[in-house]
Amino acid sequence: MKRISTGVDVLDKALEGGIPQGSWVVVTGEPGVGKSILCIHFAYAGLRAGDPVVYVTTEQEFRDVMEQAKQLGMDFSRFSVYNIAWKKEPEELPEIVVIDIFGLLKVARQLTEKSKEESPEKVKRYAALSIDTLIEAINEAYHILAVAGEKGTPERHVRLVIDSMSAFWVDKPVMARKYSYQLKIATHRDNVTAMLTSQYAPTTRQAYGFGLEHIADGVIHMWMDDVETAKEVRRWLIIKKMRMTAHESKAFRVRIESGRGIVLEQVT
Ligand SMILES: Nc1ncnc2c1ncn2[C@@H]1O[C@H](COP(=O)(O)OP(=O)(O)OP(=O)(O)O)[C@@H](O)[C@H]1O
Ligand SMILES: [Mg+2]
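Residues numbered from 1 in each chain as written. Chains lettered and ligands numbered in written order. Predicted model: local features only at pLDDT ≥ 70, side-chain atom pairs only at ≥ 80, totals over all residues. Heavy atoms only, no water.

- An unreviewed UniProt entry lists the chain under the name KaiC domain-containing protein, from Pyrobaculum aerophilum.

In structure tokens:
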């Protein structure tokens, strides 16, 4: 079985070499625990390995993601980045296609237009933060990366990051399970290894993405000790599940360091 690097050495070792190719891995946790940074590592490792990357960011503009990455020692500007929201076509074949909120808005508008042409009497209006729009945007990204085969699904290994899934059901948490399932059916392929984030509501400790964790092939959970008691930000990471992997069962201390990013330490 082929294993895909997470971009964090210690985590790869804890996973018998990495995430099994084709897995859908969810990273859960409250704000500030390091979920987005783990996604950055995963995407960057992909670029370094020559994997095309699709990076969905609902939280930040990709410019800010790149800035954050640079601080942590990962320079995305070394690679050819294309934002799906841009008007002009890419001049060269991109290595990473970014889908931010502007990209989702553009795709939603295209889908609404298409519906208008097909049935002017019954127009379907697409929202930017809807699963249909997300799926269409991801498929468009596969085309831009020139990996889409006849059925539109990738013909070579691709890394997919979605940070965060919670944005898609923020106003309708009861839909989380249905949306997750719909997305999994549309994107879960042998040659798509995906990392998706899901936020925990710190007050209730309930994942907004209840449902996502159940259908995921892997769950990496991150948290921090109660800051009022600890009087410091002390972060942790644990692999809760990973299909086909005899993974480490103990938690790791997480440090986020300038120039390095996530540094894991085993505590015995
Ligand atoms: N250059 C840096 N050096 C050290 N720590 C940093 C640096 N940049 C960011 N951090 C730490 O990383 C944290 C942000 O992590 P990240 O954005 O991955 O959290 P998150 O889990 O995605 O949160 P959210 O749910 O709010 O999106 C910051 O709050 C800060 O503590
Ligand atoms: Mg984040």
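So much for the structure itself; the text now carries on.
## A few points about the sheet that holds strand β5 (residues 81-83)
Sheet strands associate in pairs through backbone hydrogen bonding, adopting either a parallel or an antiparallel arrangement.
Working step 1: Taken in spatial order, the 10 strands make up an open sheet running β5-β6-β4-β7-β8-β3-β9-β10-β11-β12, and their pairing is mixed. A single partner strand is all that each edge strand has here, and the edge strands are β5 and β12 (261-266). Going across the sheet, the axis of each strand differs from the next one's by a mean of 20°, ignoring polarity.
Working step 2: Inspection of the sheet shows strand β4 (residues 53-57) paired to strand β7 (residues 158-163) by 5 bridges, in the parallel sense. Paired with Tyr 55 across the bridge in β7 is Val 161.
Working step 3: Docked against the sheet, helix α3 (residues 62-71) engages β4, β5 and β6 (96-99), running at close to 110° with respect to β4.
Working step 4: Each of β3 (24-29), β7 and β8 (192-199) touches helix α6 (residues 176-187); the most contacted strand, β3, lies at about 145° to it. (Pairing = 2+ DSSP bridges. Helix = DSSP H or I, 4+ residues; strand = E, 2+ residues; numbered from the N terminus. Axes fitted to C-alpha atoms, helices over the stretch in contact; angles between N-to-C directions. Contact = heavy atoms within 4.5 Å.)

## Describing the layout of surface pockets
Over the atoms a probe the size of a water molecule is rolled, and this reveals where empty space is left.
Working step 1: Space inside the largest pocket adds up to approximately 320 Å³.
Working step 2: Forming the walls of the largest pocket are 18 residues, and the residues nearest its centre are Gly 7, Val 8, Asp 9, His 41 and Arg 260.
Working step 3: Of all the secondary structure elements, the ones that give two or more residues to the lining of the largest pocket are α1 (9-14), α2 (35-49) and β12.
Working step 4: When residues of the lining of the largest pocket are assigned to their parent elements, the largest contribution, 4 residues, is made by α2. (1 Å grid on protein atoms, 1.4 Å probe; cavity = no way out; pocket = protein on both sides within 12 Å on 5 of 7 lines; lining within 4 Å. Points joined across faces, edges and corners; volume = space filled by probe spheres on them.)

## A closer look at the environment of Ile 262
Working step 1: Locating Ile 262 in the fold gives a position in strand β12.
Working step 2: Taking the C-alpha atoms as reference points, Ile 262 and Leu 38, 224 residues apart in sequence, are found 7.1 Å from one another.
Working step 3: Ignoring any residue separated from it by four or fewer positions in sequence, one finds Ile 262 in contact with Val 8, Gly 34, Ile 37, Leu 38, His 41, Met 222, Val 254, Arg 255 and Ile 256.

## Let's talk about empty space enclosed by the protein
Working step 1: Scanning all chains against the criterion turns up 1 cavity of 30 Å³ or more.
Working step 2: By volume, the largest cavity amounts to about 30 Å³.
Working step 3: Along the walls of the largest cavity sit Ile 138, Asn 139, Tyr 142, Thr 153, Pro 154, Ala 186, Thr 187, Arg 189 and Val 192, which together make up its complete lining.
Working step 4: Mapped onto the lining of the largest cavity, the elements with two or more residues apiece are α5 (131-144) and α6.
Working step 5: Element by element, the count of residues in the lining of the largest cavity is highest for α5, at 3 residues.

## Quick notes on the packing of α5 against α6
Working step 1: In contact at an axis separation of 10 Å, α5 and α6 are set at 20° when each is read in the N-to-C sense. Judged on the interaxial angle alone, α6 and α5 are roughly parallel. Two packed elements cross with a definite hand, and for α5 against α6 that hand is right-handed. For the pair formed by α5 and α6, the contact residues are Ile 131, Asp 132, Leu 134, Ile 135 and Ile 138 on the first element and Tyr 179, Gln 182, Leu 183, Ala 186 and Thr 187 on the second.
Working step 2: Looking at the contact of α5 with α6, its residues break down into 7 nonpolar, 2 polar and 1 charged. (Parallel < 35°, antiparallel > 145°, perpendicular 65-115°, else oblique. Left-handed = near helix turned anticlockwise from the far one by under 90°. Nonpolar A, V, L, I, M, F, W, Y, C, P; charged D, E, K, R; others polar.)

## Description of the site of ligand 1
Working step 1: Taken together, 15 residues sit near ligand 1, with Gly 32, Lys 35, Ser 36, Gln 68 and Arg 235 positioned nearest.
Working step 2: Gly 34 places a polar main-chain atom, nitrogen or oxygen, 3.0 Å from an oxygen atom of ligand 1.
Working step 3: The side chain of Gln 71 places a nitrogen or oxygen atom 3.0 Å from a nitrogen atom of ligand 1.
Working step 4: For ligand 1, whose unbound accessible area comes to 650 Å², protein coverage reaches 69%.
Working step 5: Only α2 and α3 provide two or more residues apiece to the shell around ligand 1.
Working step 6: The dominant element in the shell around ligand 1, judged by the number of residues it contributes, is α2, at 3 residues. (Near = heavy atom within 4 Å. Polar contact = N/O pair within 3.5 Å; in protein donor to acceptor, adjacent residues only side chain to side chain. Areas by Shrake-Rupley, 256 points an atom, 1.4 Å probe, with all protein chains shown as cover.)

## Here's the deal with the pattern of salt bridges
Working step 1: Evaluated as defined, the whole model comprises 12 salt bridges.
Working step 2: Note that Lys 172 is salt-bridged to Asp 171, the shortest N-O span being 2.9 Å.
Working step 3: A salt bridge links Arg 260 to Glu 257; the nearest nitrogen and oxygen atoms lie 3.3 Å apart.
Working step 4: Each of Asp 225, Glu 232 and Arg 234 takes part in one network of salt bridges that share partners. (Salt bridge = Lys/Arg side-chain N within 4 Å of Asp/Glu carboxyl O.)

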